[in-house]
Amino acid sequence: MANFKDSKHFNVHNDYYTPKSAWENIQHIIPKDKKIWEACMLNSHKSKSPQYLTELGFDVVYDTSMNILESQPDEYDIIVSNPPFETKIKKEILKRLVELDKPFILLMNSLNMYSKYMREIFKDNLQHLQIINPSTKIHYGKYLDNGDMVYDKKTSFYSIYLAYKMNIPNEQLWIE
């Protein structure tokens, strides 16, 4: 079994992009009558996540200059986003989301669910968490130097959707 501590070449990259299919997977779960905040867009000028959600029929607000840790839009009902992969940043975002106490769905590495920090962050709110399980591995996009987007099917981890205060029926927690 691999141990990342032994790898001198393992780097964390926060510049991978969510494919439209990842949002299509859960479009039946996200309420159409709610305003969505795509909250993890700070300096993400290449992300098409808000565009994809809009194309799927959702009312989306976002701002590439807004730092979720410092501010939020005036009006929104739920948060749908894919936070950065880096643990330090992700932990701060999760703490902020608990503070905001709004319903959310986040696309995350499944291993996060086994971390000590998840229990520490959500300690009094664990009963509000649900895990939505995709049927396949989600592969993220990466821009090449020439500007082309590629979705390399070599993603090394499985993803889940972490839902908070969404009250999703159990039969919808396993995506076909």
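The following paragraphs examine the structure supplied in this document. What you see is a predicted model; the values in this text were computed from it and never measured. (Residues numbered from 1 in each chain as written. Predicted model: local features only at pLDDT ≥ 70, side-chain atom pairs only at ≥ 80, totals over all residues. Heavy atoms only, no water.)

1. Focus on the packing of aromatic side chains
Across all of its chains, the model carries six aromatic pairs by this definition. For the ring pair Phe104 and Phe122, a centre distance of 6.4 Å and an interplane angle of 50° mean the geometry is tilted. Placement of Phe104 in strand S4 (residues 104-109) and of Phe122 in helix H4 (residues 116-122) is noted, with a sequence separation of 18 residues between them. For the pair shown, Phe104 and Phe122 are each scored as buried. By way of ring pairs, the aromatic residues Phe85, Tyr140 and Phe157 are connected into one cluster. One residue, Lys102, lies across the ring of Tyr76, its end atom 4.6 Å from the ring centre. Sitting over the face of the ring of Tyr158, Lys137 holds its NZ or CZ atom 4.6 Å from the ring centroid. (Phe/Tyr/Trp six-rings, centres within 6.5 Å; stacked < 30°, edge-to-face > 60°. Helix = DSSP H or I, 4+ residues; strand = E, 2+ residues; numbered from the N terminus. Buried < 20%, exposed > 50% of the residue type's maximum accessible area, 1.4 Å probe, protein only. Lys NZ or Arg CZ within 6 Å of the ring centre and 35° of its normal.)

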